[in-house]
Amino acid sequence: MGGPEGAFSNVFLTRRAEKDLDHLRKKDPANFERVWEDLKRCALGRLPQSPKALKGFHPPLWQVDSGDFRIFHTWEGPILWVRGILRKSDQSKRIRGLR
């Protein structure tokens, strides 16, 4: 998958993020579209809200709200790594697996 629409050469998805997006696309197309649009905004730095840095992660893990979901990502220089897309209600159970 690489990045949103292949247009952003500095965006990469982990296997976990690819699985999360694929599952969301198949099971919940409306929320997939919202998350996809927010991913593109994140890559361009045009989010309506500021990302939140989570404590206890190195490199820092950032979260962005996208409807009922959160997009978790890290920056490595100019590279945006999308680590996972989790439903807010599942976050506490799965977040440590995003390291």
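What you see is a predicted model, and the numbers here were worked out from it, not measured in a lab.

Chemist: Give me helix α1 (residues 15-27): which residues, what numbers.
Modeler: Helix length check: α1, at 13 residues, gives a terminal C-alpha distance of 18 Å against a target of 18 Å (1.5 Å per residue), a fit within 8%. Along α1, the residues classified as buried are A17, D20, L21 and L24. Seen end-on, α1 carries its buried residues on one side only, within an arc spanning 95°. Away from the buried face of α1 by more than 90 degrees, exposed residues R15, K19, H23, K26 and K27 are located.

Chemist: Hey, could you go over the nonpolar core for me, with residue numbers and the actual values?
Modeler: Among the nonpolar cores identified, the biggest contains 18 residues, and L21, L24, V35, L39, I71, V82 and I85 are the most heavily contacted of them. At the level of elements, β1 (11-13), α1, α2 (29-44), β4 (69-76) and β5 (79-87) are the ones that each hand at least two residues to this core. Per element, the largest residue contribution to this core is 6 residues, and it comes from α2.

Chemist: Break down the pattern of salt bridges for me, with residues and values.
Modeler: All told, the structure shown has 9 salt bridges when counted by the stated rule. Here D28 ties to R87 by a salt bridge, and the two come within 3.9 Å at their closest N and O atoms. Here the residue D28 occupies a position in the loop between α1 and α2, and R87 occupies one in strand β5, the gap between them amounting to 59 residues. Residue class for R87 comes out partly exposed when judged on its relative accessible area of 33%. It is possible to trace a salt-bridge network through shared partners that takes in D22, R25 and K26.

Cut-off values and rules
Sequence order as written defines residue numbering, which begins from 1 separately in each chain. At least 70 in pLDDT is required for a residue's local features to be given in this predicted model, at least 80 for side-chain atom pairs to be given and counted, and no such filter applies to totals for whole chains, interfaces and linings, which use all residues. Where side-chain values are given, they derive from all heavy atoms of the structure, hydrogens and water being excluded. Each helix is a run of H or I in the DSSP string that is no shorter than four residues. Each strand is a run of E no shorter than two, and both are numbered from the N terminus. Any helix carries an expected span of 1.5 Å times its number of residues minus one. Note on exposure labels: buried denotes an accessible area under 20% of the residue type's maximum, exposed denotes more than 50%, and partly exposed covers the range between, all computed with a 1.4 Å probe on protein chains only. Read the arc as the range of directions from the helix axis to the C-beta atoms. Only buried Ala, Val, Leu, Ile, Met, Phe, Trp, Tyr and Cys residues count toward a nonpolar core, and they belong to the same one when joined by side-chain atoms within 4.5 Å. Only one rule defines a salt bridge in this text: a Lys or Arg side-chain nitrogen within 4 Å of an Asp or Glu carboxyl oxygen.

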